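A look at the structure
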Amino acid sequence: MAAHSAVLSMSKIINPFWGGRLGNTVKVFGTTLTSHRNKAWLTPPPAKYGGRHTVTLIPGDGIGPELLNHVREVFRFSCVPVDFEVVHVNSALETEDDISNAITAIRRNGVALKGNIETKHTMAPSVKSRNNLLRTSLDLYANVMHCQSLPGVQTRHKNIDIMIIRENTEGEYSSLEHESVSGVVESLKIITRNNSLRIAEYAFKLAREKGRHRVTAVHKANIMKLGDGLFLQCCREVASGYPDITFDSMIVDNTTMQLVSKPHQFDVMVMPNLYGNVVSNVCAGLVGGPGLVPGANYGRDYAVFETATRNTGKSIADRNIANPTAMLLASCMMLDHLKLYDYASLIRNAILTTMNETRLHTADIGGQGTTSEVVQTIMRIIQSKGQLTAEL
């Protein structure tokens, strides 16, 4: 299937984080969009074979396989010049052969789109989380989540616009545990100066590029004075180099309360690994749930895109009721990363029109639509824009 020539004008290209707050943004979720050509955090792999890109696709568990099938369906329909190399990872196996193959494929292709891989706590302590192995092996140090309200989704708080930057490779996820004596287990939380400075620099640089005004460091330095104290100190050091951006800090337990009561006080938030997991889920709940928010993992050399909250959704798998929005938006972030801006804008606009104007919603956000009905509506909207498409 030949890729079509992009025809959207430069003035109608939305940025990789749904529009952000750049100076030339007119309307985020409507039909008027944002001009951009931001610098990438890392150089994406070059296109091959007549302008096509190869992307590693890891279906994962639960609803991952069906949602990624819908992504492939939308890409084929929209003639997106991306070919997927599918790598299956069996979360039931104790060996690491599958995840090693996936990591090798990502190193080869540079970019991946994945469903969440289940981590079973009932397995032997020696079995490490496949998701964690992937992030640490590829040094995907920055997890980025843009938590933004959708006008068509009913929530308690409106107009939320928060960016969460989570350190992705250490902290409580270091997988260093041992039983020192019978009945006494020690779990090591690793905080390093280099990685703390790196994630703080990423957060402030992103804040500046997106026209943001405040960065909040989330910590528990009142209790973990050395570990979280080092993280907070590194954030302060980096903040001194960005006088145009206000810096503050907040203890993690207070942060969760402030998020559900006064979320609009937050702009960009940076935090260690475990706090990022907790805060990401709270923020997703504020805007409608895990089915709406995409996420990205960036390193120096590789990028992996997925849903922001990393839920497998096993309880609703294969029932045609899962919300495809988060995974489709994650695929749009991937297209932005590959500099396929026009395709990303085309698909993203159709998704947001379905959510905000057509208001065809799945059950998780109060609707009665099925997964396939939402996807079919998105493709009809793409077709209505006059783009060259495959058969519906």
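One can find the structure itself at the top, above this paragraph.
In short, a report on the structure. (Residues numbered from 1 in each chain as written. Predicted model: local features only at pLDDT ≥ 70, side-chain atom pairs only at ≥ 80, totals over all residues. Heavy atoms only, no water.)

Below, the discussion takes up the pattern of salt bridges. The full count for this structure, using the stated rule, is 15 salt bridges. In this structure, E172 and K189 form a salt bridge, with 3.2 Å as the shortest nitrogen-oxygen distance. Of this pair, E172 sits in the loop between β5 (161-167) and β6 (177-181) while K189 is found in the loop between β7 (184-187) and α4 (193-209), placing the two residues 17 residues apart along the sequence. Owing to a relative accessible area of 22%, K189 belongs among the partly exposed residues under this scheme. The shortest N-O distance in the salt bridge between D228 and K189 comes to 2.5 Å. (Salt bridge = Lys/Arg side-chain N within 4 Å of Asp/Glu carboxyl O. Helix = DSSP H or I, 4+ residues; strand = E, 2+ residues; numbered from the N terminus. Buried < 20%, exposed > 50% of the residue type's maximum accessible area, 1.4 Å probe, protein only.)

Here the focus is helix α5 (residues 227-239). Note that an α-helix has 3.6 residues per turn; residues three or four places apart therefore point the same way. The end-to-end C-alpha separation of α5 is 19 Å, in line with the 18 Å expected for 13 residues at 1.5 Å each. Buried within α5 are the following residues: D228, G229, F231, L232, C234, C235, V238 and A239. Those residues of α5 hidden inside the fold are in contact with α4, β8 (214-219), β9 (246-251), β10 (268-271) and α7 (273-287). (Expected span 1.5 Å × (residues − 1). Contact = heavy atoms within 4.5 Å.)

Two elements in contact, helix α1 (residues 64-77) and helix α8 (residues 325-337), have axes separated by 9 Å at closest approach and are oriented at 50°. Taken as axis vectors, α1 and α8 run oblique relative to one another. The way α1 lies across α8 gives a crossing that is right-handed. Together, L67, L68, H70, V71, V74 and F75 of α1 and M327, L328, S331, M334 and L335 of α8 make up the contact between the two elements. (Axes fitted to C-alpha atoms, helices over the stretch in contact; angles between N-to-C directions. Parallel < 35°, antiparallel > 145°, perpendicular 65-115°, else oblique. Left-handed = near helix turned anticlockwise from the far one by under 90°.)

The next point concerns the packing of aromatic side chains. For any pair of aromatic rings, the description consists of the separation of the ring centres together with the inter-plane angle of the planes. The full count for this structure, using the stated rule, is five aromatic pairs. A centroid spacing of 6.0 Å and a plane angle of 90° characterise the contact between Y141 and Y202, whose relative ring orientation is edge-to-face. With a gap of 61 residues between them, Y141 in the loop between α3 (130-137) and β4 (142-148) and Y202 in helix α4 connect regions that are remote in the sequence. In this structure Y141 comes out as buried when scored by relative accessible area, which is 14%. Judged by centre distance (6.0 Å) and plane angle (45°), the ring pair of F204 and F247 falls under tilted. Of this pair, F204 sits in helix α4 while F247 sits in strand β9; the two residues are 43 residues apart in sequence, bridging distant segments of the chain. Accessibility expressed as a relative area gives 0% for F204, which makes it buried. In this structure F247 comes out as partly exposed when scored by relative accessible area, which is 21%. Over the face of the ring belonging to Y173 we find R166, whose NZ or CZ atom lies 5.2 Å from the ring centre. (Phe/Tyr/Trp six-rings, centres within 6.5 Å; stacked < 30°, edge-to-face > 60°. Lys NZ or Arg CZ within 6 Å of the ring centre and 35° of its normal.)

Judged by nonpolar contacts, the single largest core of 93 residues is most densely connected at M334 and L335. When near neighbours in sequence (up to four residues on either side) are disregarded, M334 contacts V55, F75, F84, V111, L113 and F305. In this structure, A102, A105, A112 and L140 belong to the second largest nonpolar core, which totals 16 residues. (Core = buried A, V, L, I, M, F, W, Y, C linked by side-chain atoms within 4.5 Å.)

Our next topic: the layout of surface pockets. Taken as a whole, the largest pocket spans an internal volume of roughly 760 Å³. If you trace the largest pocket, you find 30 residues lining it, with T119, V127, K128, S129 and S175 closest to the centre. Residue assignment for the lining of the largest pocket shows that the elements contributing at least two residues are α3, β7 and α7. Ranked by the residues each element gives to the lining of the largest pocket, the list is headed by α3, at four residues. Classifying every residue of the lining of the largest pocket by side-chain character gives eight nonpolar, 13 polar and nine charged. Volume-wise, the second largest pocket comes out at about 320 Å³. Looking at the second largest pocket, it is lined by 22 residues, and the ones nearest its centre are I63, P290, G291, G313 and I316. When residues of the lining of the second largest pocket are traced back to their parent elements, those giving at least two are α1 and α8. (1 Å grid on protein atoms, 1.4 Å probe; cavity = no way out; pocket = protein on both sides within 12 Å on 5 of 7 lines; lining within 4 Å. Points joined across faces, edges and corners; volume = space filled by probe spheres on them. Nonpolar A, V, L, I, M, F, W, Y, C, P; charged D, E, K, R; others polar.)

The subject of this paragraph is the packing of helix α9 (residues 341-358) against helix α10 (residues 371-384). The relative placement of two packed helices comes down to the angle between their axes together with the axis-to-axis distance. It is at 9 Å that the axes of α9 and α10 come closest, and there the two elements cross at 120°. By the angle class used here, α9 and α10 are oblique. With respect to the hand of their crossing, α9 and α10 are arranged in right-handed fashion. Between α9, through L346, I347, A350, I351, T353, T354, M355 and T358, and α10, the contact on the second element is made entirely by V374, T377, I378, I381 and I382. Of the residues belonging to the contact of α9 with α10, the class tally is nine nonpolar, four polar and no charged.

Looking now at α3. Across the eight residues that make up α3, a large majority, six, are buried. Residues of α3 that are buried include every one of R130, N131, N132, L133, L134 and R135, and no others. Elements that come into contact with the buried residues of α3 comprise β1 (53-58), α2 (97-109), β3 (111-114), β11 (294-298) and β12 (303-307). Backbone nitrogen of N131 and a side-chain oxygen of the N-cap are separated by 3.3 Å at the start of α3; the cap is S129. Trailing α3 by a residue or two, D139 shows a phi angle of about 55°, which is positive. (Polar contact = N/O pair within 3.5 Å; in protein donor to acceptor, adjacent residues only side chain to side chain.)

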